[in-house]
Amino acid sequence: MELSSRGAKMGGLSGIRSIMEDIALAASGTSGGTWVNLSPGNPAAIEEVTGTWRRLQEESLARRFAESSGRYGPSRGSDQLVDTIVRYFNRRYGWDITAENVLVGAGCQMLAFMATCVFTGPYPDGDRRLVLPSVPDYTGYQGLSMDEGGIVGVAPGVELLDDRLFRYTFDLEAVRRQPSMGMMLVSSPGNPTGRSIRADALAGLMEIAEERDVPLFLDHAYGDPFPGVAQTSVDPPLHPHVINCFTLSKAGVPGERLGFAIGPREAIDAMLSFTANSHLHAPQLIQATAQRAIASGALDRLTTEVIRPYYRNKRLVAEKLLHELLPDTVDWRLHATEGGMFCWLWIDHDWFDDLVLYEALKRKKVFVVPGRHFFVPPFDTPFLAEHATRCVRLSLSPDEPVIAEGIRRLATALEEMRGAH
């Protein structure tokens, strides 16, 4: 059967599909040997976190199974969860939202997909694109548009820092120059970099959103209020051109695929209709569990007392290992410590290629993610075209001995690549 142009676009091999297949291969046990898996975005299985979610899920199963799983529910989300979200955000941030500003969905990625479908694509005056204001950004974003060429990534500025660190910055004028824009989308803290958006950059993007009369979709999957792994952050903004998206994935339950969007009523209403037309509503038993986690304060406690300190310590350990184990003869830099659950490495040599390293590490039973998956071709600057092939992402979710062994094998692979040239 012949695929449509949209079918060919959505059915093709993507960076996110490659990552998921690596995860499946490492978990299957059919490839022989033990894999050192520094690839996935799974959060770490922290005993206190998983134990708390298990208890909350068991309570919901015992008390609300028939109500949650035995019947259809509202497309906006369960009344109890939506009301809890409204109360929580109004109290925490001093907002004045109502249920009309909230939509519960099957994770941030699905909510971003719905928003992309609603705000980008064909318009009477021509096609409008999804704009990523600073790449690299989450590889899953590249599959959000069903139209070929429907997504554009803007090259960042690069700030070199001491101690082999660097930081990406937003080039707001380059964002402003984009000729076709239906929506902007950015993660903060960023995946893969851990970059946290700063107040001045956020204000600049909101100003552009107002000028172009488009939404700015902010993906807080790693940010505040949960899981809160950013070391520096700004509060989520309540703004007529901003759709904030939050998820429970990085707070311990990625397999349940639950998130929610908060934004202007008109935007949320359009996404609500999309939900009803496509899949009726998000799974309801996990909604009942999420409601208990938020209302009881359990989720806030896990965030501040367990998850945030855990990843801060893991990052410090990984940074120390990189300095100790990577060759001094290799010009490598690490994106500055700002948050997130990854290390983003830049290997600045003509002989380095991310896919060559990826294959070399697979032969050593190590999975990482090639950097090019987080950029959007065609590249708008020569620097970006080169830079996209010189980066790699390492996950901080595995246990420390696994991270250490992965970095050791990475160091060996880099020495071998350098020696071959």
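Our subject in this report is the structure included herewith. Keep in mind the model is a prediction, meaning the values are calculated, not measured.

Digging into the pattern of salt bridges
Overall, the coordinates contain 25 salt bridges when judged by the stated rule. Close ionic contact of Arg372 with Asp353 constitutes a salt bridge, the shortest N to O distance being 3.0 Å. Residue Arg372 is found in the loop between β16 (369–370) and α12 (382–387), and its partner Asp353 is found in the loop between β14 (342–347) and α11 (354–363); the two are separated by 19 residues along the sequence. Glu416 is paired through a salt bridge with Lys364; the nearest N and O atoms lie 3.3 Å apart. Residue Glu416 is found in helix α13 (residues 400–419), and its partner Lys364 is found in the loop between α11 and β15 (366–367); the two are separated by 52 residues along the sequence. Owing to a relative accessible area of 44%, Glu416 belongs among the partly exposed residues under this scheme. What emerges from the salt-bridge pattern is a single network uniting Glu173, Arg176, Glu207 and Glu211.

Let's talk about the sheet that holds β16
If you trace the six strands from one edge of the open sheet to the other, you get β7-β8-β13-β14-β17-β16, paired in mixed fashion. Whereas interior strands pair on both sides, the edge strands pair on one side only; in this sheet they are β7 (157–160) and β16. Relative to strand β17 (residues 391–395), β14 runs antiparallel, the two being bridged by five bridges. Bridging across to β17, Phe342 finds its partner in Ser395.

Thoughts on the side chain of Asp354
Along the polypeptide, Asp354 turns up in helix α11. At 2.6 Å, the side chain of Asp354 and the side chain of Arg372 are in polar contact. When residues no more than four places from it in sequence are discounted, the contact partners of Asp354 are Pro370, Gly371, Arg372, Ala388, Thr389 and Cys391.

A look at the environment of Arg257
Positionally, Arg257 belongs in the loop between β11 (242–247) and β12 (259–262). Residues Arg257 and Gln109 lie 148 residues apart in sequence; the distance between their C-alpha atoms is 9.1 Å. The residues touching Arg257, leaving out its near neighbours within four places in the chain, are Gly105, Ala106, Gly107, Gln109 and Ser249. Within the structure, Arg257 has its side chain in polar contact with the side chain of Ser249 (distance 2.9 Å).

Quick notes on the pairing of β14
The element β14 is largely enclosed, with a buried count of six among its six residues. In β14, alternate side chains face the same way, and those of Phe342, Trp344 and Trp346 on one face and Cys343, Leu345 and Ile347 on the other are all buried. One ladder, built from three bridges, connects strand β13 (residues 332–335) with β14; its direction is antiparallel. Bridged to Leu334 within β14 is Leu345. Between the end of β13 and the start of β14, which pair antiparallel, lie six residues, with Gly339 showing a positive phi angle near 150 degrees.

Regarding a nonpolar patch on the surface
On the surface, Val158, Leu160 and Phe383 cluster together into a nonpolar patch covering about 240 Å² of accessible area. Inspection of the secondary structure puts Leu160 in strand β7.

Some points on empty space enclosed by the protein
Sizing a probe to match a water molecule and rolling it over the atoms shows the empty space that remains. Following the criterion strictly, the structure yields three cavities of 30 Å³ or more and no others. Of the volumes computed, that of the largest cavity is approximately 110 Å³. Taken together, 15 residues make up the lining of the largest cavity; nearest its centre are Ser188, Ile197, His220, Ser233 and Val234. Residues belonging to the lining of the largest cavity are distributed by class as follows: eight nonpolar, five polar and two charged. When its volume is computed, the second largest cavity comes out at roughly 70 Å³. Val229, Gln231, Arg308, Tyr311, Arg312, Arg315, Thr337, Gly339 and Gly340 are the residues that line the second largest cavity. For the lining of the second largest cavity, the residue count by class is two nonpolar, four polar and three charged.

Parameters and conventions
- Residues numbered from 1 in each chain as written.
- Predicted model: local features only at pLDDT ≥ 70, side-chain atom pairs only at ≥ 80, totals over all residues.
- Heavy atoms only, no water.
- Salt bridge = Lys/Arg side-chain N within 4 Å of Asp/Glu carboxyl O.
- Helix = DSSP H or I, 4+ residues; strand = E, 2+ residues; numbered from the N terminus.
- Buried < 20%, exposed > 50% of the residue type's maximum accessible area, 1.4 Å probe, protein only.
- Pairing = 2+ DSSP bridges.
- Polar contact = N/O pair within 3.5 Å; in protein donor to acceptor, adjacent residues only side chain to side chain.
- Contact = heavy atoms within 4.5 Å.
- Patch = residues over 30% accessible without salt bridge, like charges linked within 9 Å, V, L, I, M, F, W, Y side chains within 5 Å.
- Areas by Shrake-Rupley, 256 points an atom, 1.4 Å probe, with all protein chains shown as cover.
- 1 Å grid on protein atoms, 1.4 Å probe; cavity = no way out; pocket = protein on both sides within 12 Å on 5 of 7 lines; lining within 4 Å.
- Points joined across faces, edges and corners; volume = space filled by probe spheres on them.
- Nonpolar A, V, L, I, M, F, W, Y, C, P; charged D, E, K, R; others polar.

Just distances and angles here, no functional claims.
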